[in-house]
Amino acid sequence: MTLLAEPRSSDTATQGSSEAPRGARMQLYSVVVAGSAATFATLLAMTGRMWMLPLAAALVYLTIKSYRIYCGQIAADQRHHEEMMRLHREAVAALDAARQSEQRYARAARHDDLTGLPNRRLFGELLQRSMARAARAPEPRYAVLFIDLDGFKLVNDSLGHLVGDQFLVAISSRLQTQLRPSDVLSRLGGDEFAVLIEGFATPDEVCVVTERLQRSLRDPIRIQGRELYASASIGMVLGGPHYETVDDLLRDADIAMYRAKATGRGGYQIFDPHMHASAVERLTLETELRHAVERHDFTLVYQPIVELPSSEICGLEAFVRWTRPGGRVIGPADFIPVAEETGLIVPLSYSVLGDACGQAAAWQRMFGQPLGISVNISSRLFARTDFVDEVERAVEVSGLLPGTLRLEITENTLLNSADIVHTNFERLRRMQVSVYLDDFGTGYSSLSSLQRYPVDALKLDRSFVAKMTTPDHGCAIGNAIVKLAQELGMGLIAEGVETLAHAEQLLALGCPHAQGHLFSEPRTTEATEALLARAFERAPSNVARLS
Ligand SMILES: [Mg+2]
């Protein structure tokens, strides 16, 4: 019955002009039916059949009623049809929006937001296809360039990330203009880009492209009124059937890039398998070093520092040795750079400092001598707020005599003009801890940097000592350093003294102290103790002489 109900007034109103003719027809029909009924009623009255009037009226009523029901049904069908059409239109619009949204997400998942370039994921997919195509080719058919900008962090740190982002966009545009449409430039993340090159005849062509990419960055890039200069280190890998995964190929390109970076800015290197072997060795070294630092797995050896000309021992320099798993002993030159890079140099240095102070204090007590102890200190430590606290603790715990600890620093330390470095120098001076400048003349500092901090002594580098007896520039520089130390009132220790001729030349110049194989090589704790015992026994008047 509900379905047959009359349309509501609001529904009638919404039907608009299409309902008006139907209403007019309804009125006409009503007039016709009413007229016919009146005529029929008149005829019935004239023929004396008035009893049929109620029957006729009922028929008229039912006729009108059924017509109205019919009209209501038509209107409801029309409304239903329009509602269905509206829902259909809305469903189509929603599907279109969902499709567009899906396409946007699919693009965003494979492209870099900042530059619009393919990202690492899409680059990997494209590289995978290239690898599949070249799987059976005897010669390299594709190459990958791994590009890392030099010093980009400085731009971000000094000018902010907004400028950094604009810089990256400008660089990506420059790189793109140097490539063919078939080459793929991708931003892997941060300041790292990669290029996939196919269709070259010889590897030399890839080298030409690489050099062109680097040249394109030489001109300055103007951003917000500033001129910024870019350079990139590039690692190149020539693809071949021996590569099975994208990760392997990108790993090797990355290794070659790091090799390029290590040889200086703005260069490129072609990967060869030796690079991978050395990268694996480097990672193994780092892991083992980490464990060694946790276990204090290092030993110290000591080399005497003597006075000239008496050869009396006035101090010892401590060097750290590490016995790697497998029993191979390596010196600081082989693992200190790794310790510096990984930050392990901090716990390692504190451990060495404590051990050296402890051993030196024990020998001071054992022999009754104010034996000096020199410990090599990384420039990184001088910029730490806890550094002097650690030195203070090592001196106190060991009971080292005041004024006998010498910290040997490199010229890099003098280049850092941060407040904390000044503060640390001052605190050390108040604690009577001396500072020696190691390997003097081989670093990057200028002579004026000697005035910046209170340095007590210079250590003349072995490369100058080695040339002492040959009349050339090296000899002249060595002589000048000896004079410089004398003029500045600083101490001087010559390193790497290996022959009597060296010692005699140093003596003639007035160099007061020396160390080197002529006097003694670095020795183990036991061997050093035996040496000290022999030396001090022969010199009862507090003078130690080397045999
Ligand atoms: Mg040293």
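Conventions we followed
Residues numbered from 1 in each chain as written. Predicted model: local features only at pLDDT ≥ 70, side-chain atom pairs only at ≥ 80, totals over all residues. Helix = DSSP H or I, 4+ residues; strand = E, 2+ residues; numbered from the N terminus. Rg over C-alpha atoms; globule rule 2.2 N^0.38 Å. Buried ≥ 20, exposed ≤ 12 C-beta atoms within 10 Å, placed from the backbone. Contact = placed C-beta atoms within 7 Å. Core = buried A, V, L, I, M, F, W, Y, C linked by C-beta atoms within 7 Å. Pairing = 2+ DSSP bridges. Axes fitted to C-alpha atoms, helices over the stretch in contact; angles between N-to-C directions. Parallel < 35°, antiparallel > 145°, perpendicular 65-115°, else oblique. Left-handed = near helix turned anticlockwise from the far one by under 90°. Arc of directions from axis to C-beta. Domains from an automatic or database assignment.

Undergrad: Now, about the overall build of the chain: what can you tell me, with residues and values included?
TA: A count of helices and strands for the chain gives 19 helices and 16 strands. The globule rule puts the C-alpha radius of gyration for 547 residues at 24 Å, and the 46 Å found for the chain is more than 25% above it. With respect to the principal axes defined by its C-alpha atoms, the chain has extents near 170 × 60 × 50 Å. Residue burial in the chain is summarised as follows: out of 547 residues, 30% are buried. Partitioning the intrachain contacts of the chain with sequence separation of at least 6 by distance along the chain shows that 64% fall at a separation of at least 24.

Undergrad: Please give an account of the nonpolar core that cites residues and values.
TA: One finds Ala 356, Cys 357, Ala 360, Ile 373, Leu 460 and Ala 514 to be the most contacted residues of the largest nonpolar core, which totals 70 residues. No other element matches helix H11 (residues 345–367), which puts nine residues into this core. Dropping the residues within four chain positions of it, Leu 460 is found in contact with Phe 440, Val 465, Gly 478, Ile 481, Val 482, Leu 492, Ala 494 and Glu 495. The next biggest cluster of nonpolar side chains, apart from the first, holds 42 residues, and it includes Phe 123, Tyr 142, Phe 167 and Leu 185.

Undergrad: So what's going on with unusual backbone geometry? Which residues, and what values?
TA: Of the consecutive residues Leu 308 and Pro 309, the connecting peptide bond is found in the cis state with omega at 5°. The residue Pro 309 is located in the loop between strand E8 (298–307) and strand E9 (313–323) in this model. Despite not being glycine, His 296 has its phi angle at roughly 55°, a positive value. Inspection of the secondary structure puts His 296 in the loop between helix H9 (273–295) and E8. Even without a glycine there, the phi angle at Asp 439 is positive, about 50°. Looking at the secondary structure, you find Asp 439 in strand E13 (residues 434–440).

Undergrad: So what's going on with the pairing of strand E1 (residues 142–149)? Which residues, and what values?
TA: Of all eight residues that make up E1, eight are buried, and the element is covered over most of its length. By the alternation rule, side chains of E1 split into Tyr 142, Val 144, Phe 146 and Asp 148 and Ala 143, Leu 145, Ile 147 and Leu 149, which are all buried. Alignment of E1 against strand E3 (residues 192–198), held across seven bridges, turns out to be antiparallel. The partner of Leu 145 across the bridge, within E3, is Val 195. Alignment of E1 against strand E6 (residues 232–238), held across seven bridges, turns out to be antiparallel. Following the sheet pairing, Ala 143 is matched in E6 by Leu 238.

Undergrad: Could you give an account of the packing of H11 against helix H19 (residues 525–537), with specific residues and numbers?
TA: Where H11 contacts H19, the two axes come as close as 11 Å, and the packing angle between them is 25°. With respect to H19, the axis of H11 lies roughly parallel. Considering how the two elements wind past one another, H11 and H19 form a crossing that is right-handed. Where H11 approaches H19, its residues Gln 359, Trp 363 and Phe 367 are matched on the opposing element by Thr 525, Glu 529, Leu 532 and Phe 536.

Undergrad: Can you lay out helix H18 (residues 500–509) for me, pointing to particular residues and giving the numbers?
TA: Along H18, the positions that sit buried rather than exposed are His 502, Ala 503, Gln 505 and Leu 506. For H18, the buried positions fall inside an angular range of 165° around the axis, keeping them on one side. Residues of H18 that are exposed and point over 90 degrees away from its buried face: Leu 500, Ala 501 and Ala 508. Buried-residue contacts for H18 involve helix H16 (462–465), strand E15 (491–494) and strand E16 (513–514). With its phi angle positive at about 95°, Gly 510 sits one or two positions after the end of H18.

Undergrad: Let's hear about the pairing of strand E2 (residues 184–189): which residues, and what values?
TA: Here five bridges tie E2 to E3, and the two strands are oriented antiparallel to one another. Paired with Gly 189 across the strands is Glu 192, a residue of E3.

Undergrad: Describe the sheet that holds E1, listing the residues and the values that go with them.
TA: Taken in spatial order, the five strands make up an open sheet running E2-E3-E1-E6-E7, and their pairing is mixed. The open sheet is flanked by E2 and strand E7 (268–270), the only strands paired with a single partner. Along the sheet, successive strands turn relative to each other by an average axial angle of 20°, direction set aside. Against the sheet, helix H6 (residues 161–177) makes contact with E1, E2 and E3, and its axis sits at roughly 155° relative to E2, the strand it touches most.

Undergrad: Explain the domain arrangement of the chain to me, using residue names and the numbers behind them.
TA: Domain boundaries in the chain define domain 1 (2–107), domain 2 (120–271) and domain 3 (280–537). Once you take the C-alpha centre of each, domain 1 and domain 3 turn out to be 107 Å apart.

Undergrad: Any details on the packing of helix H8 (residues 246–262) against H9? Residues and values, ideally.
TA: Helix-helix packing: each pair is described by the crossing angle between the helix axes and the interaxial distance. Running from amino to carboxyl end, H8 crosses H9 at an angle of 85°, the nearest separation of the two axes being 10 Å. Here H8 is positioned roughly perpendicular relative to H9, judged by the angle of their axes. Residues Asp 252, Ile 255, Ala 256 and Arg 259 of H8 lie in contact with H9, whose contacting residues are Met 275, His 276 and Ala 279.

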